[in-house]
Amino acid sequence: MNSELMAVAEYMERERGIDRETLLSAVESALLTASKKSFSQAEEIRIHIDRKTCDVRAYAQLTVVEKVTAPHDEIAVGAARIINPAVNLGEVIEVEVTPRDFGRIAAQTAKQAILQKIRQVEKEKTFDEYKDRVGDIVSGTVRRFERSDVMIDLGRAEAILPSKERVPTEQYVAGDRIRAFVLNVE
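We now turn to the structure provided with this report. (Residues numbered from 1 in each chain as written. Predicted model: local features only at pLDDT ≥ 70, side-chain atom pairs only at ≥ 80, totals over all residues. Heavy atoms only, no water.)

Counting secondary structure elements, the protein contains 4 helices and 8 strands. Shown N-terminal to C-terminal, the secondary structure of the protein runs as helices and strands in the order α-α-β-β-β-α-β-α-β-β-β-β. Within the protein, counting contacts between residues at least 6 apart in sequence, those at least 24 apart form 55% of the total. (Helix = DSSP H or I, 4+ residues; strand = E, 2+ residues; numbered from the N terminus. Contact = heavy atoms within 4.5 Å.)

Below you can see the structure in the form of structure tokens.
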């Protein structure tokens, strides 16, 4: 998975201008959500993606006990001492629990969360690009009409020219180049 993840991260950074760290954080969060749905027994799970190699690792926090009664939350003292020889009873130890396969539902959950985060980042970037342009004149192309409003394509954003703001004598056709005054950015 790490080679595909590296390729996607590089593509998103290059083509869509989404920061690699932001994307990898979104993937970590999505995988955490998916793993909690997939492995609902474990309470404390942490997902870590190596920033250079894109290796994905999952860690669970387990309590060191004499006799294990809850296998998803506890670890026997003997097994814990193999991982960390200095561990004592009652302490919490972090153990790698990277699954071989998250499963179809978990993968779908992760995909949805990643896509949602990407859309959110793109919206924030577009908003940041245009928020300081209130009062400026922008150029765009008429794309479509919704009721009596004109939808204008500005490139990476879309603008609405409400009917009450239009010049009454002007008629627009899809594909026309238009210049408009920015009143508000949402």
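Examined against the element boundaries, Thr 141 turns out to sit in strand E5 (residues 137–146). For Thr 141, a relative accessible area of 12% puts it in the buried group. Engagement of the side chain of Thr 141 in a polar contact is seen with the side chain of Arg 177, the distance being 3.0 Å. Non-local contacts of Thr 141, meaning those with residues more than four positions away in its chain, are made with Met 151, Ile 152, Asp 153, Gly 175, Asp 176 and Arg 177. (Buried < 20%, exposed > 50% of the residue type's maximum accessible area, 1.4 Å probe, protein only. Polar contact = N/O pair within 3.5 Å; in protein donor to acceptor, adjacent residues only side chain to side chain.)

Here we come to the pattern of salt bridges. In the structure shown here, the tally under the stated rule is 8 salt bridges. One salt bridge connects Arg 46 with Glu 94, and the closest N-O pair in it is separated by 2.8 Å. Here Arg 46, found in strand E1 (residues 45–49), pairs with Glu 94, found in strand E4 (residues 92–96); they are 48 residues apart in sequence, far enough to count as distant. Looking at Glu 94, the relative accessible area reads 33%, which means it is partly exposed. Put simply, Asp 128 and Lys 131 hold a salt bridge, and the shortest N to O gap is 3.7 Å. Classification of Asp 128 as partly exposed rests on a relative accessible area of 42%. (Salt bridge = Lys/Arg side-chain N within 4 Å of Asp/Glu carboxyl O.)

For the rest of this paragraph, the subject is the sheet that holds strand E7 (residues 158–161). The strand order across the open sheet formed by 4 strands is E7-E6-E5-E8, and the pairing between neighbours is antiparallel. At either margin of the open sheet sits one strand with a lone partner, and together these are E7 and strand E8 (177–181). Pairs of neighbouring strands in the sheet enclose a mean axial angle of 50°, with direction left out of account. (Pairing = 2+ DSSP bridges. Axes fitted to C-alpha atoms, helices over the stretch in contact; angles between N-to-C directions.)

Attention now goes to unusual backbone geometry. Look at Arg 147: it is not a glycine, yet its phi comes out positive at around 55°. Relative to the helices and strands, Arg 147 resides in the loop between E5 and strand E6 (149–153).

Below, the discussion takes up the nonpolar core. Of all hydrophobic cores here, the largest spans 18 residues; its most connected members are Leu 5 and Ile 49. Looking at this core, the elements with two or more residues in it are helix H1 (2–16), helix H2 (20–38), E1, strand E2 (56–65) and helix H4 (104–130). If one sorts the elements of this core by residue count, H2 sits on top with 5 residues. If we skip the residues at most four places from it in the chain, Ile 49 touches Leu 5, Leu 24, Val 27, Glu 28, Cys 54, Asp 55 and Val 56. Grouped together as the second largest cluster of nonpolar side chains are 13 residues, Tyr 130, Leu 154, Ala 159 and Leu 161 included. (Core = buried A, V, L, I, M, F, W, Y, C linked by side-chain atoms within 4.5 Å.)

Function cannot be inferred from these measures alone, as they are strictly geometric.
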